[in-house]
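Now for the letters of each chain:
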Amino acid sequence: MTQETRAALLFPGQGLPSKDIVACYQRLNSIDSTHIQQRLGRAQDAINKVHGSAAFDINIALQDEKSPSFTQTSFVQPVVYTLSVLTSEITDAHGIARIAPSFVAGHSLGEYSALTRAKVFDFEQGVDLVTYRGLVMEEACQKTKSVLLRISGLAEDRVRELCQPGGTRIAEVALINAPTLIVVGCAAEAATEVDRLAKEAGARGATDLGTAGAFHTTFMEEAADKLDKKLFEYDFKHPEIPVVTNFTGKPIYHSMQAQDHLIQGMINPVQWAKVLETLQTSGVTVFAEVGPGTSLAALNRINNIPEDRTINVLNWFEPRGT
């Protein structure tokens, strides 16, 4: 990588297969087991404080990709956050193909990992915030049953139209992952109607993503209000690296922006297509995926970013023999 290269670090959200989370843990544990156990221990403390010590056991769950813990957003959020931060820390600590990023960004939950990398808050604060976020979001999901539905092949304006048949809103845009890859949220009982309308509009249908609820929509308003109060218990710093946020798809440079965008991002769509557009127009040519899985590499391809411009930092580490 040359000095002229502009790189962005991209951190994944929680929508990952459990096998990818377990695989990331296994890879990291083979590289620096002491550090990963310290960080996972701190994450376990955060979970125990919020949910009680009997709710989840991180080390047991990470031995079994079929563990029921992976179906709980309260568990997945702090674990994915911790593994993503660990991937960044271990990559830096081992000096493997070190990148001095020009920008950082994170998809949904991944924004917390990005803000940690930009030193807006540290891991200790971040894991507490993410654990609390998982709790209030799960509470909102339990209060009103809602779903996320993926619609492929339709532009955003057309999707917004089908969300309001006859002027009555039955769904909301929740994630704009690519110009024609949109996710909407709706009440569970409206899913069949949204699927029908999507097919009528020319899409294959609306596929249920199987999430706990309709994240990034007004179904999360109560959760956002609770998190808003929680954020002010922490001392946010100005980002040391520009953070391109989900709320606007533009960089932020101030601590108050970071706080506001985290809250706004809970009830407004993830503007991931705009995030990637901003990074490209800002001259970024290398996109480094930091954390479990390859979901962001897949979204890069869908957004027409050449495949050779995306790297996964875990691939920098040589596999160790058993």
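A few points on the structure. Note that the structure is a prediction, hence the values are computed from the model and not measured.

On to the overall build of the chain, then. When you go through the chain residue by residue, the secondary structure sums to twelve helices and ten strands. Over its C-alpha trace the chain gives a radius of gyration of 19 Å, about what one expects of a compact globule, namely 20 Å for 322 residues. Dimensions of the chain along its principal axes, counting C-alpha atoms only, are 60 × 50 × 40 Å. For the chain, buried positions account for 56% of its 322 residues. Taking contacts inside the chain between residues at least 6 apart in sequence as the whole, the part at least 24 apart equals 75%. A total accessible area of about 14100 Å² is found for the chain, and carbon and sulfur atoms account for 47% of it. Charged side chains in the chain number 29 positive and 37 negative. The centres of these two groups are separated by 2 Å.

In space, the six strands of this open sheet follow the order S8-S7-S2-S1-S9-S10, with mixed pairing throughout. Strand pairing shows two members of the sheet lacking a second neighbour, strand S8 (251-252) and strand S10 (310-312), which therefore form its edges. Pairing of strand S9 (residues 286-289) with S10 involves three bridges; the strand directions are parallel. Paired with Phe287 across the strands is Thr310, a residue of S10. Where helix H12 (residues 295-302) meets the sheet, it contacts strand S1 (7-11), S9 and S10, and its direction lies at approximately 150 degrees from that of S9.

This part is about helix H6 (residues 123-143). Since the α-helix packs 3.6 residues into each turn, any two residues three or four apart lie on the same face. Along its 21 residues, H6 runs 30 Å from first to last C-alpha, staying within 8% of the 30 Å computed at 1.5 Å per residue. Among the 21 residues of H6, 17 are classified as buried, and the element is accordingly described as predominantly covered. A distance of 3.2 Å separates the backbone nitrogen of Glu124 from a side-chain oxygen at the start of H6, and that oxygen is part of Asp122.

So, about the pairing of strand S2 (residues 103-106). Covered by surrounding structure in S2 are Phe103 and Ala105 together with Val104 and Gly106, the residues of both alternating faces. Sheet topology note: the S2/strand S7 (residues 243-244) ladder contains two bridges and is parallel. Each residue of the ladder has a partner; that of Ala105, found in S7, is Val244.

Residues Glu221, Asp225, Asp228 and Asp260 make up a contiguous surface patch of negative charge. Counting residues per element, the negative patch draws most heavily on helix H9 (residues 221-231), at three residues. Mapped onto the fold, Asp225 is located in helix H9. Asp225 gets classed as partly exposed once you look at its relative accessible area, which sits at 47%.

Quick look at the sheet that holds strand S3 (residues 146-152) now. Taken together, four strands build an open sheet; the order of strands is S4-S5-S3-S6 and the sheet is antiparallel. In the strand order of this sheet, the two ends are held by strand S4 (172-178) and strand S6 (207-208), each with one partner. Across two bridges, S3 lies against S6 in antiparallel orientation. Residue pairing for S6: Leu149 is matched across the bridge by Asp208. Seen against the sheet, helix H8 (residues 191-200) touches S3 and strand S5 (181-187) and runs at an angle of roughly 10 degrees to S3.

Further remarks concern the state of the cysteines. Going through the model one piece at a time under the given rule, you end up with zero disulfides. Of the cysteine sulfurs around Cys163, a residue in no disulfide, the closest is that of Cys186, at 8.3 Å. For Cys163, a relative accessible area of 3% corresponds to the buried category.

Evaluation of the coordinates by the stated rule reveals five aromatic pairs. Here Phe70 and Phe75 contribute two aromatic rings whose centre-to-centre distance is 5.6 Å and whose plane-to-plane angle is 80 degrees, an arrangement assigned as edge-to-face. This pair shows no difference in class: Phe70 is buried, exactly as Phe75 is. Of the aromatic side chains, those joined through ring pairs into one cluster are Phe56, Phe70 and Phe75.

On to the environment of Lys274. Here Lys274 shows up in helix H11 (residues 272-281). Residues Lys274 and Ala224 lie 50 residues apart in sequence; the distance between their C-alpha atoms is 23 Å.

Within the sequence span of helix H10 (residues 255-267), burial applies to Ser255, Ala258, Gln259, His261, Leu262, Ile263, Gly265 and Met266. Here the buried face of H10 lies against helix H5 (110-117), H6, H9 and S8.

In terms of burial, S4 is a largely internal element, seven of the seven residues being buried. Both S4 and S5 contribute to a ladder of five bridges, which runs antiparallel. Note that in S5 the partner of Ile176 across the bridge is Ile182. Hairpin connection from S4 to S5: two residues lie between these consecutive antiparallel strands.

Conventions and cut-offs
Counting starts from 1 at the beginning of each chain's written sequence and moves along it residue by residue. Given that the model is predicted, a residue must reach a pLDDT of at least 70 before its local features are reported, and side-chain atom pairs must reach 80 or more before they are shown or counted; all residues, however, enter totals for whole chains, interfaces and linings. As a rule here, side-chain values come from all non-hydrogen atoms in the structure, and water together with hydrogens is ignored. Segments assigned H or I by DSSP are reported as helices when at least four residues long, segments assigned E as strands when at least two residues long, and all are numbered from the N terminus. Each radius of gyration reported is based on C-alpha atoms, and the globular scaling rule is 2.2 Å times the count of residues to the power 0.38. Only protein chains enter the area calculation, which uses a 1.4 Å probe; residues under 20% of their type maximum are buried, those over 50% are exposed, and those in between are partly exposed. Contact criterion: two residues are considered in contact whenever any of their non-hydrogen atoms come within 4.5 Å of each other. Every accessible area reported is derived by Shrake-Rupley at a probe size of 1.4 Å, with residue values counting cover from the shown protein chains alone. We score Asp and Glu as negative and Lys and Arg as positive, and we do not count His or the chain ends. Charged side chains are reduced to one point each, which is NZ for Lys, CZ for Arg, CG for Asp and CD for Glu. Only when DSSP finds a minimum of two bridges between them are two strands counted as paired. To get an axis, fit a line to the C-alpha atoms, keeping to the stretch in contact for a helix; angles then go from 0 to 180 degrees between the N-to-C directions. Expected span of a helix, by definition, is 1.5 Å for each gap between consecutive residues, and there is one gap fewer than residues. Any N or O atom pair separated by 3.5 Å or less is treated as a polar contact, with the protein-specific requirement of one donor-capable and one acceptor-capable atom, and with residues adjacent in sequence counted only for side-chain atom pairs. What makes a patch is a set of residues exposed beyond 30% relative accessible area and free of salt bridges, joined within 9 Å when like-charged and within 5 Å when nonpolar (Val, Leu, Ile, Met, Phe, Trp, Tyr). One speaks of a salt bridge when a side-chain nitrogen belonging to Lys or Arg is within 4 Å of a carboxyl oxygen belonging to Asp or Glu. Sulfur atoms of two cysteines make up a disulfide when they are within 2.5 Å. Paired rings are identified among Phe, Tyr and Trp, the last through its six-membered ring, by centres lying within 6.5 Å, and are further divided according to the angle between planes into stacked (under 30 degrees), edge-to-face (over 60) and tilted (the rest).

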